[in-house]
Amino acid sequence: MDSIGEAAFDYQFGALSQSDNQFMKAYFGLMSDTLGSPPKSSIFMQTILPVWVLQLMSKVSRRRSLVHARHTAKLANEVARALVKSKTGALLQGRNNKDILSLLVKANASEDEATKLTEEEMLAQMRTILLAGHETSATSLCWVLLELARHPELQDRLRAEIRATEFASGRKYSSFTSSDLDGMEYLSAILKAMHTDVSLQESMRFHPALYQNYRQAAKDDVLPLSTPIRTTSGEYLNNLPIPKGMKVILSIAAYHRNKDVFGEDADIFNPDRWFRKANEKKGPTLGVYGNLLTFAGGIRACIGWRFALYEMQSLTVEIISNFELCPTPQLERLRREACLVMLPTLEGEELKGENLPLGVKLVQN
């Protein structure tokens, strides 16, 4: 949250310093509380009630989770309004800050009223940046650290790569540039799979923070299939008709475990898969990074995917350079909580929100 606060808003949320920030206190555990493990009554109501009734209930219901959501939204709007006012004042004084909000306020200062965002639209943009820019990256980093704790040999390989990059660049890890991070093959694999880059790649494949994506057809269309499917009547289809208005749920988690694309060991965490020869890869190429759907693809791909990658790379390097991670007995109760993002929680302690107890000790140089 501190990273997105500085980059997007030039604002300190005080997440790490644990300052007395009411918004941060309200935001913690928001996803698991409001979207995790819904009771059967809620599932039933969402199935049978019209949307307008559900929207009304979300505004007036006294259910604890909805009260939490409304309280957090209220605090987020207060912070957003104060920031917009501050950025507007800075613009009038001729100060051209480069954070995202300052650029948005500047772009919105157009004389053409038709192109201006309303106050609610501006606040909605900020809420989206907060949620999309923080929750997914923070959750992805949790799973990266979990797999590194489970595989100490990966920590050793990653730490060796960090030291080698320091020697080659003449810079300490805290001063690595984007080029240094891009050149760290194992870091990339860990993120994809998990090697700093390899390690990160594998982690995003094996533990996608966003496990599903949703789309609604704006017009009648036809969806081509990379592999024909057989219907119950025995007919083979090479494409599917998608009528206007149809809602499609895309399973990112299922694609990332597709053995036709990622090999027979797709159900195993293995960063080394990203070092296989190109001619061993199968299936289509999609997405903006590593043939993964972590950041979606096409014109609606995540606009902040590069920022998210550098953020996770930098944090992983910082942590592994200084600390050794190991599992704890509490991880036997580890639970994957599906609440828009896939959060790590502990069985019996779901209401505490994100919970990943790891053992930590200083690296002995």
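The sections below set out a description of the structure shown in this document. Please read these numbers as outputs of a predicted model, since none were measured by experiment.

Here we take up the pairing of strand 7 (residues 334-339). Note: strand 7 against strand 8 (residues 341-346), 6 bridges, orientation antiparallel. Residue pairing in the sheet places Cys339 in a bridge with Val341 of strand 8. What sits between the antiparallel neighbours strand 7 and strand 8 is a turn of 1 residue, in which Leu340 has the positive phi angle 75°.

In this structure the tally under the stated criterion is 18 salt bridges. Its salt-bridge partner being Asp156, residue Arg159 comes within 3.5 Å of it at the nearest N-O pair. Note that Arg159 and Asp156 are positioned in helix 9 (residues 152-169) at a spacing of 3 residues, about one turn of the helix. Of the residues examined, Arg159 reaches a relative accessible area of 9% and is grouped as buried. Among the salt bridges present, the one from Arg273 reaches Asp265, with a minimum N-O distance of 2.9 Å. Summarising the burial analysis for this pair, Arg273 and Asp265 share the class buried. Residues joined by salt bridges that share partners form a network here, namely Glu202, Arg205, Asp265 and Arg273.

Right, let's get into a nonpolar patch on the surface. On the surface, Leu35, Leu131, Tyr214, Ile249 and Leu340 cluster together into a nonpolar patch covering about 440 Å² of accessible area. On the accessibility criterion, Leu131 (33% relative accessible area) is partly exposed.

One finds Leu158, Ile162, Phe176, Met184, Leu187, Val317 and Leu358 to be the most contacted residues of the largest nonpolar core, which totals 27 residues. Going through the elements one at a time, helix 8 (119-150), helix 9, helix 11 (185-192), helix 12 (200-206) and helix 15 (305-322) are the ones with two or more residues in this core. Looking at this core, the element that brings in the most residues is helix 8, giving 7 residues. Ignoring any residue separated from it by four or fewer positions in sequence, one finds Phe176 in contact with Ile162, Thr165, Glu166, Ser169, Arg171, Leu181, Met184 and Val317. Core analysis: the second largest hydrophobic core is formed by 22 residues, Met1, Leu75, Ala76 and Val84 among them.

So, how was this worked out
Residues numbered from 1 in each chain as written. Predicted model: local features only at pLDDT ≥ 70, side-chain atom pairs only at ≥ 80, totals over all residues. Heavy atoms only, no water. Pairing = 2+ DSSP bridges. Helix = DSSP H or I, 4+ residues; strand = E, 2+ residues; numbered from the N terminus. Salt bridge = Lys/Arg side-chain N within 4 Å of Asp/Glu carboxyl O. Buried < 20%, exposed > 50% of the residue type's maximum accessible area, 1.4 Å probe, protein only. Patch = residues over 30% accessible without salt bridge, like charges linked within 9 Å, V, L, I, M, F, W, Y side chains within 5 Å. Areas by Shrake-Rupley, 256 points an atom, 1.4 Å probe, with all protein chains shown as cover. Core = buried A, V, L, I, M, F, W, Y, C linked by side-chain atoms within 4.5 Å. Contact = heavy atoms within 4.5 Å.

What is shown is where atoms sit, not what they do.
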